[in-house]
Amino acid sequence: MSDSAMNEKYDPAAVEAKWQQGWAERGTNRVDLRTAPRPFYTLMMFPYPSAEGLHIGNVFAFTGADVFARFRRLQGFDVFEPFGFDAFGIHTENYALNVGANPAQLTPRSVANFRRQVRRVGLMLNWEHEVDTTSPEYYRWTQWIFVQLYKHGLAVRKKAPVNWCPACQTVLANEQVIDGFCERHGDTRVEQRLLEQWFFAITKYAQRLLDNLDWIDWSDTTKMAQRNWIGRSEGAEIDFALADDPTRRLRVFTTRPDTLFGATYMVLAPEHAWVESLTTLAQRPAVMAYRERTAKMDVVSRRAVKEKTGVFTGSDAINPATQERLPIWIADYVLAEYGTGAIMAVPAHDERDFEFAQVFGLPIRRVIANDGERADTPLAAGYAGPGRLVNSAQFDAMDAEQGKRAITEWLRAQGQGTARVQYRLHDWCVSRQRYWGPPIPMIYCDACGIVPVPEKDLPVLLPEVEDFRPNASGVAPLARVETFYRVACPQCGQMARRETDVSDTFLDSAWYFLRYPSAQRGDVAFDPELTKKWLPVDMYIGGNEHAVLHLLYSRFLTMALHELGLIPFEEPFKQFRAHGLIIKDGAKMSKSRGNVVSPDSYIEQYGADVFRLYMMFLGSYQEGGDFRDEGMTGVRRFLEGVWRVVREHEPKRDVAEVLLRATHKTIRKVGEDVEALRYNTAIAAMMTLLNDVKRHGPANRWVSEALVLMVAPFAPHIAEELWEAMGHATSIFDARWPAFDDAMTRDAVVELAVQVNGKVRGRIQVAADDAEDVVIAAALADSGVHAAIAGKPIKRRVVVPGRLVSLVV
RNA sequence: GCGAGAGUGGCGGAACUGGCAGACGCGCUGGACUUAGGAUCCAGUGGGCAACCGUGGGGGUUCGAGUCCCCCCUCUCGCACCA
């Protein structure tokens, strides 16, 4: 090593600029997708490019994915690490509305800014496969997928309630409704409206989406969230004949058929189709008023827990078990969209029914009791726990679980009911009465009905319009653009009308990973050969805020496309790992707290390598951590130390035995940790090795190279610079992860703690392979141990190899 | 309310299937080098004079518990009238 090189100081800005340019020029990150022998596809969640620029959370997410990708690359894989922009959607549009800009003009600027910032982080990206969901080359295929789903009956049109702001004259997303009022017109109450919308039939796949969770390799927290979201319940559907017309039977869903004898009234959702026909003349005004009131209420506050309300319809049904008359009520605590939209109410064993019965003075009859409890003990609240059936005729004394099966079977035998599985998952509403999205590729013709836009006519271009704002006309922005919606029917040629809604952003992001490998193909959505070779994605790393929507939609779409024969797999991501959340100085970053920090200034001040390394060090990657400016100092010192130690190494020298062993151990530990995304402890291990080099050094070439290779995934620029300084002409990322010798990771002599009655009384040095009695003898010979035993007989001896000896006297 | 996760030094955080609590880093203290340093390097650093005590609190299992079991408290994140 020359003197000049030795004296060179670590200058992150210079090193990083040099290598970012070097990688671009050399094409270091490029991978030939057709010929690569060991494909490995890593995916990070593509960002929505906000005008505010890159957020620390983005960089944390990207860096964690990049570390893993670079690690795989060093293991010899051909790593494909693409990037793109999820630039359509309501966020961009709302921001544009706020600043008075047009999203079509604002988005390209935001994307360019994001691209600049992302480049500065030094990710191993394949920019030649970039996608942007707002480009016609991309959304052409989003629309194409829509058409494919439509042709196979998976995209359907039906009515659904939506939030409607009378002031905006437009539909709002749930997040835009604040306590029942419009986010932009604080004094305007949001209403519920029933509109025709496009839905994707995700519920058809509910069971499969659930079943596959048993085998896909995903973070448990994510799988748990999906299970809850899909919400499978087992129960029964039961028919209740109407008292006045036994030929009509009202169907309910219940998970507690065992409590059938305790049903004392029934409740319909206000929107239930039978409400009008069941309402008697006398009750009509009250029922209609109630119905109107709930219909006006916005979707969000309707769901908020509150006092029970409801109205009696005037009609009764017959309990098939007791033959009693049950009054039929309507109440908004019963939801139209779940089960059959009607319930049998068992106040004794359901909290909500109990509350309702209390308010309206309805009878409460107990049918489940614990052993030794009297069947007529009054209840203070609905009891939903286990027990035995009481007041239930021939089913008395049966365990509740057994009773569920027995009563369902008894109902089935009489044609009054049947076992049934329900899911809380709803079909995916993809219609948005908005401007900034891909137009839904459908045409309505008076003669032919719904006609999909022929594939040759795709994309349906989103017209650039001045007037993209929602306004008083009361319809989607595109419905005001006559040149857009007036179109000839593709089937009959008659004048027809285009769909003027755009599709949900989540549709754009539900398939982007399928597009990346084929991003350069203009003629197909996904090249069959590339898709087969690269997909499913090997490792997907992203935030758990997308656990249910994005990740579930992606799984659904993949399943659907698989069933349509378009792709050869049904699960999109072999592995998914959720990273944690970054907080700042102990609190969540938010504008109102004023603790939002931009990655730019840190990268400016410390360099990308220090910044990356710190983010990976500040806490557990999968749990998140606390970002504190002071923490940056430690990792900066570490990189400076690596710089110095590597530059001062003595190429041919034999290193001390301890250092040699320490290096083998570190290689093993860092490899295992990175594999499991335990980045913080991997870095701690490297710091320990650096301390060892300082103490027992200098390092030789092998130790230096190992250290630099291990640092490389985290701090790629400095690693390249040092690699080059060591005389390598090619990129460090074309080198191989260092190998360790297993024997060298195990110490021949180990120190054991010796406990007497649970307290450490001495320490002994023994050979790792010493027999138990040898170890015990050594333990007894220790003076501290000897004193603690004080001549008492030893009742018990435990030897844990490599750990400790425990003696009981 | 339901579901999931977490409470460990002054701080961020380690601790594999129960096995020497506090790795690693920040900060702090002392020292070295310096005209000087908020630069760098070295050493020390849970509490207590000690026996000992220490992982939110209280019980328990065990030779041994941060880790397992029961009860309670606090916080974070999801979902929220799903029958």
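Residues numbered from 1 in each chain as written. Chains lettered and ligands numbered in written order. Predicted model: local features only at pLDDT ≥ 70, side-chain atom pairs only at ≥ 80, totals over all residues. Heavy atoms only, no water.

Engineer: Hey, could you go over the overall build of chain A for me, with residue numbers and the actual values?
Structural biologist: Counting its regular elements, chain A contains 27 helices and 36 strands. Considered along the principal axes of its C-alpha atoms, chain A spans approximately 100 × 85 × 50 Å. Element-wise, carbon and sulfur atoms account for 50% of the exposed surface of chain A, whose accessible area totals about 35,000 Å². Distance from the positive charge centre (95 side chains) to the negative charge centre (103 side chains) of chain A: 1 Å. (Helix = DSSP H or I, 4+ residues; strand = E, 2+ residues; numbered from the N terminus. Areas by Shrake-Rupley, 256 points an atom, 1.4 Å probe, with all protein chains shown as cover. Lys, Arg positive; Asp, Glu negative; His and termini not counted. Charge placed at Lys NZ, Arg CZ, Asp CG, Glu CD.)

Engineer: So, the environment of glycine 542: which residues are in play, and what are the values?
Structural biologist: Along the chain, the position of glycine 542 falls in strand β27 (residues 539–543). Separated by 449 residues in the primary sequence, glycine 542 and glutamate 93 place their C-alpha atoms 24 Å from one another. Non-local contacts of glycine 542, meaning those with residues more than four positions away in its chain, are made with Met45, Phe576, Arg577, Ala578 and His579. (Contact = heavy atoms within 4.5 Å.)

Engineer: Talk me through the pairing of strand β11 (residues 232–241); I want residue IDs and the actual numbers.
Structural biologist: Among the 10 residues that make up β11, 8 are buried, leaving the element largely enclosed by the rest of the structure. In this sheet, strand β19 (residues 417–423) lies alongside β11 in antiparallel orientation, the contact comprising 7 bridges. Along β19, the bridge assignment pairs glycine 235 with arginine 420. Note: β11 against strand β12 (residues 249–254), 6 bridges, orientation antiparallel. Bridge pairing in β12 places alanine 236 opposite threonine 254. (Buried < 20%, exposed > 50% of the residue type's maximum accessible area, 1.4 Å probe, protein only. Pairing = 2+ DSSP bridges.)

Engineer: Before we move on, can you summarise the sheet that holds β27 with the specific residues and values?
Structural biologist: Ordered by their spatial adjacency, 5 strands build an open sheet running β2-β1-β27-β28-β10, and the pairing between neighbours is parallel. Because the sheet does not close on itself, it has two edges, and the strands there are β2 (78–80) and β10 (217–218). Both β27 and strand β28 (residues 575–579) contribute to a ladder of 4 bridges, which runs parallel. Counterpart to isoleucine 541 in the pairing with β28 is arginine 577.

Engineer: Give a detailed account of the packing of helix α24 (residues 701–711) against helix α25 (residues 716–725), specifying residues and quantitative values.
Structural biologist: Two elements in contact, α24 and α25, have axes whose closest approach is 8 Å; the angle formed by their N-to-C orientations is 155°. Between α24 and α25, the angle is such that the two are roughly antiparallel. For the pair α24 and α25, the crossing hand works out as left-handed. Here Glu705, Val708, Leu709 and Val711 of α24 come into contact with α25, specifically with Ile718, Ala719, Leu722 and Trp723. Residues belonging to the contact of α24 with α25 are distributed by class as follows: 7 nonpolar, no polar and 1 charged. (Axes fitted to C-alpha atoms, helices over the stretch in contact; angles between N-to-C directions. Parallel < 35°, antiparallel > 145°, perpendicular 65-115°, else oblique. Left-handed = near helix turned anticlockwise from the far one by under 90°. Nonpolar A, V, L, I, M, F, W, Y, C, P; charged D, E, K, R; others polar.)

Engineer: If you had to explain the nonpolar core to someone new, which residues and values would you point to?
Structural biologist: Within the largest apolar cluster, 92 residues are counted, with the highest numbers of intra-cluster contacts made by Phe627 and Phe714. No other element matches the 11 residues that helix α3 (residues 56–74) contributes to this core. Phenylalanine 714 has contacts with Val67, Asp609, Arg612, Leu613, Met616, Val674, Tyr679, Ala682, Ile683 and Met686, leaving out every residue within four places of it along the chain. Membership of the second largest hydrophobic core comes to 85 residues, among which are Phe146, Val465, Val487 and Cys489. (Core = buried A, V, L, I, M, F, W, Y, C linked by side-chain atoms within 4.5 Å.)

Engineer: Which residues make up the sheet that holds strand β35 (residues 796–800), and what values do they have?
Structural biologist: Taken together, the 4 strands give an open sheet; going across it, the order is β34-β33-β36-β35, and neighbouring strands pair in mixed fashion. Unpaired on one side and paired on the other, β34 (759–767) and β35 mark the two borders of the sheet. Taken over all neighbouring pairs, the strand axes of this sheet differ in orientation by 20° on average, direction set aside. Of the strand pairs in this sheet, strand β33 (residues 749–756) and strand β36 (residues 804–808) are connected by 4 bridges, and their pairing is parallel. Bridged to alanine 753 within β36 is leucine 804.

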